[in-house]
Number of protein chains: 2
Amino acid sequence: MDKIDASIITIGDELLIGQVVDTNSAWMSQELNRSGIWVSRRTAVGDNRVDILQALDDEARRSRVVLITGGLGPTADDITKPVLCEYFGGKLVVDAGALENVRSIFTRLQRPMIERNLQQAEVPDNCTVIPNHRGTAPGMWFERSDRIFVSMPGVPHEMKGMMTADVIPRLLRRFTLPFISHRTLLLAGIGESFLAEHLRGFEESLPPEVRLAYLPNYGMLRLRLTVRGGEPGQATATLESLFGNLRQLTAEWLVTDEDIPIAGAIGRTLQDRGRTLGTAESCTGGYIAHLITSVPGSSRYFKGSVVSYANEVKTGLLGVGVQLLEQYGAVSQETVEAMVRGALDRLGADYVVATSGIMGPDGGTGDKPVGTVWIAVGNRQKIIAQKFSFRFDRLRNIELTATNALNQLRKFIASAG
Amino acid sequence: MDKIDASIITIGDELLIGQVVDTNSAWMSQELNRSGIWVSRRTAVGDNRVDILQALDDEARRSRVVLITGGLGPTADDITKPVLCEYFGGKLVVDAGALENVRSIFTRLQRPMIERNLQQAEVPDNCTVIPNHRGTAPGMWFERSDRIFVSMPGVPHEMKGMMTADVIPRLLRRFTLPFISHRTLLLAGIGESFLAEHLRGFEESLPPEVRLAYLPNYGMLRLRLTVRGGEPGQATATLESLFGNLRQLTAEWLVTDEDIPIAGAIGRTLQDRGRTLGTAESCTGGYIAHLITSVPGSSRYFKGSVVSYANEVKTGLLGVGVQLLEQYGAVSQETVEAMVRGALDRLGADYVVATSGIMGPDGGTGDKPVGTVWIAVGNRQKIIAQKFSFRFDRLRNIELTATNALNQLRKFIASAG
């Protein structure tokens, strides 16, 4: 059994000036972790020869596997390939397969090909080429003493394609990895400190091969229980038994015991019961509908949404009374309840969630400051409305409103039986 | 003039198992860069004493400023504070200001306070406390020889509050930083290689203090021109003059010459002209409305959206003919054009963009495979529809459809004069 550590090096000035958020590292870590490879460090460096060489040295000292992304583009600032040549002592040669790939992509796109594009097919002569089925830059696999280095493009879907089709299967063939397995719970309505106190006994009684992680996420909390090592059958049994205890201990706040978003958990319940859903959104501006429709297969239960940003859309498309709007204002219990009634009728959905609030930075009043939100959920029998106060920036207020709306919806559907 | 390099260390197993995407580092890099501090490295390590100590040593060797986030929570795996005590040789004491802050937060939330929460107010006795106005964990500023270390919580909006109110102003008072300034262009409809070729002469003629960066972003391209150093008046004049040339060289593909998203650029044009906007979304499920309403002040020009996921919403709320839907299908030129007509009427908007497509993973047919999308934009005089083929996963297909829809909309509004 090999205990294999990996390091991830991401290369690119765009990471260091902060123009790009690095989503690659998280995805790669997840995939490696699932395969039993522990990522012990992640480092980002600029398009700078000295820093790249230093990072390669540093990470090779720590980890058996060093995965590198970025700096393989066709522009002058992309220097990863020459630096890899220098580090591994190779020289650039055209790879026939990679060249064919570049040509076929340009033919398909019907774009003119220039010298720069052809250079994408050059690789150091001492690497194994990893084909790129989603773009022009090939991946490169190097070995030195017992270390493995893999260089991949920074474009997320190209890197993901290579990792899934080639890199991970090769690593799995190469090493005998420890068994690793996770189970995850999503909780709502409970703080991290309080829960940690509540679970203190459980946590202290965990065997050494099992770990509990707290992962706060937009007003919700994810708990992840991981077992690592041991005989797979026995390790799985241990994990399942402990996970059962954990589920019981947290039943009061449980959203779902699968590693899916809350919109996915709601979708599953709706599908099981053959019910449908719609949204009527003012302040969330379509974000709740987006979270719902991000789930594959959501067209089976999601009817649609009326995003009623302007008051005349609230009256015209949702049938909210002009007088009601004038009397109570758009951000009020009366309005969100009327939005639910209107959407149940116009969208023909069994359940509707509605939002109206002030997300900021402008639009607040003394009476209704920025962050004031009304959320209502209902079906044809009943409507429940609740007021919330958030105090963050516009985007976070939108996200928190959406998360809370989905949680209200989940509870309503659960109690509707 | 000081040339100050910074390193960012992010701490937390959640980063290494990939459960959390690190958005903090990008934001911090942006803010530091804007202040004239260059981030030369970013490193993520787990909640592990040895790795944290090693990272502190490594980064302090490289950089004058070491910013640390994460590992300050109240649970057992958060070990940053004791490790900082060990590294700087301090001992934990209760800070009166931080304790008062914890108490006032719990009073406001009307939550019971437990021992763990009070421990949040403990800090090493040899640090300067940075107040946290948005949460319970205080920040800590350490100095050792000529190095500065700042530890902050990993919760993004808490870290951002501290950086803006305290850390950056303190750093600016401490160092005499070089002048730095950026100008950014957003382009659409042009590939990176082709553009690099087109701008080769421009790039080669740049003076050493000016740098051009290519930043691909969902089928669009951001170009960033940076000047660093020199006398501010002269440096700004150089930057502006070169930026003028760059704008001329890229006029054909220019979306906006400000550092704002495409939805912001569209919003500005609409507001200038006193026009309004609506969306009719099938496959994008509200995501375009979300991008539009993420822009502060969008309520001044955005009427709303009909997210017509189900066909009966297309007919009922958008007036798309039942027969038309049967004859051509939901994913067709005829349907998206009818959606535009319906939404212009029902939302009372001057411009409407509509989408219908198959985002995957299911739902594709031989005739209309996954990734097939129709986008239409129009006003009361004219409607233009276009077909697209994407070939990625569901989320990326949604994002690309939304970006392309906004670009079609931008071009339509521009040509409508």
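The coordinates are above.
Quick summary incoming for the structure in this document.

Calculation rules
Residues numbered from 1 in each chain as written. Chains lettered and ligands numbered in written order. Predicted model: local features only at pLDDT ≥ 70, side-chain atom pairs only at ≥ 80, totals over all residues. Helix = DSSP H or I, 4+ residues; strand = E, 2+ residues; numbered from the N terminus. Buried ≥ 20, exposed ≤ 12 C-beta atoms within 10 Å, placed from the backbone. Contact = placed C-beta atoms within 7 Å. Expected span 1.5 Å × (residues − 1). Arc of directions from axis to C-beta. Pairing = 2+ DSSP bridges. Axes fitted to C-alpha atoms, helices over the stretch in contact; angles between N-to-C directions. Least-squares fit on C-alpha atoms with pLDDT ≥ 70 in both. Core = buried A, V, L, I, M, F, W, Y, C linked by C-beta atoms within 7 Å. Parallel < 35°, antiparallel > 145°, perpendicular 65-115°, else oblique. Nonpolar A, V, L, I, M, F, W, Y, C, P; charged D, E, K, R; others polar.

Within chain A, the regular secondary structure consists of 16 helices and 17 strands. The C-alpha extent of chain A, read off along each of the three principal axes, is 75 × 60 × 40 Å. Out of the 417 residues in chain A, the part that is buried amounts to 48%. Taking contacts inside chain A between residues at least 6 apart in sequence as the whole, the part at least 24 apart equals 65%.

Residues and elements named next belong to chain A. End to end, helix H11 (residues 262–273) covers 17 Å across 12 residues, agreeing with the expected 16 Å (1.5 Å per residue, within 8%). The set of residues buried in H11 consists of Ile 262, Ala 263, Ile 266, Gly 267 and Leu 270. Seen along its axis, H11 keeps its buried residues to an arc of 135 degrees; they face one direction. Where H11 is buried, its residues contact strand S9 (180–188), strand S12 (254–256), strand S13 (277–281), helix H12 (287–293) and helix H16 (394–415). The positive-phi residue at the C-terminal boundary of H11 is Gly 274, with phi of around 65 degrees.

This paragraph deals with the sheet that holds strand S8 (residues 147–152) of chain B. Taking strand neighbours across the sheet as the criterion, the 12 strands line up as S6(A)-S7(A)-S8(A)-S3(A)-S1(A)-S2(A)-S2(B)-S1(B)-S3(B)-S8(B)-S7(B)-S6(B) in an open arrangement whose pairing is mixed. Of all the strands in the sheet, just strand S6 (128–130) of chain A together with strand S6 (128–130) of chain B have a single pairing partner and so form its edges. Here the strands of the sheet are splayed against their neighbours by 20 degrees on average, with no regard to which way each runs. Relative to strand S3 (residues 65–69) of chain A, strand S1 (residues 5–11) of chain A is paired through 5 bridges, and the arrangement is parallel. Across the sheet, residue Ile9(A) finds its bridge partner in S3(A), namely Ile68(A).

Each copy superposes on the other: chain A lies on chain B with an RMSD of 0.1 Å after a rotation of 180 degrees and an axial shift of 0.0 Å. Taken together, the rotation angle and the small translation identify this as a two-fold axis. A symmetric contact is evident, with 99% of the interface residues of chain A recurring at the interface of chain B.

Once that is clear, we can look at the nonpolar core. Ala343(A) and Ala343(B) are the most contacted members of the largest nonpolar core, which totals 141 residues. Setting aside residues up to four positions removed in sequence, Ala343(A) forms contacts with Gly278(A), Ala280(A), Val306(A), Leu318(A), Ala349(A), Val352(A) and Ala354(A). Judged by nonpolar contacts, the second largest core, of 88 residues, contains Val167(A), Leu16(B), Val65(B) and Val102(B).

With that settled, the discussion passes to the packing of helix H13 (residues 311–318) of chain B against helix H15 (residues 333–347) of chain B. All names here are of chain B. One way to put it is that H13 packs onto H15 with a least axis distance of 9 Å and a crossing angle of 45 degrees. Looking at the two axes, H13 sits oblique to H15. Two secondary-structure elements touch here, H13 through Lys 314, Leu 317 and Leu 318 and H15 through Met 339, Gly 342, Ala 343 and Arg 346. Of the residues contributing to the contact of H13 with H15, the split by class is 4 nonpolar, 1 polar and 2 charged.

Let us now look at the sheet that holds strand S11 (residues 220–228) of chain B. Within a sheet, neighbouring strands are paired by backbone hydrogen bonds and run either parallel or antiparallel to one another. All names here are of chain B. Judged by pairing direction, the sheet is antiparallel, and its 4 strands sit side by side in the order S10-S11-S9-S12 without closing on themselves. Because the sheet does not close on itself, it has two edges, and the strands there are strand S10 (210–217) and strand S12 (254–256). The mean angle between the axes of side-by-side strands here comes to 30 degrees, regardless of whether they run parallel or antiparallel. Strand direction decides the pairing type here: S10 and S11, joined by 8 bridges, are antiparallel. The residue bridging Pro 216 from the neighbouring strand is Leu 221, located in S11. Contacts between helix H10 (residues 232–249) and the sheet are confined to strand S9 (180–188), S10, S11 and S12, with S11 contributing the most and set at about 155 degrees to the helix.

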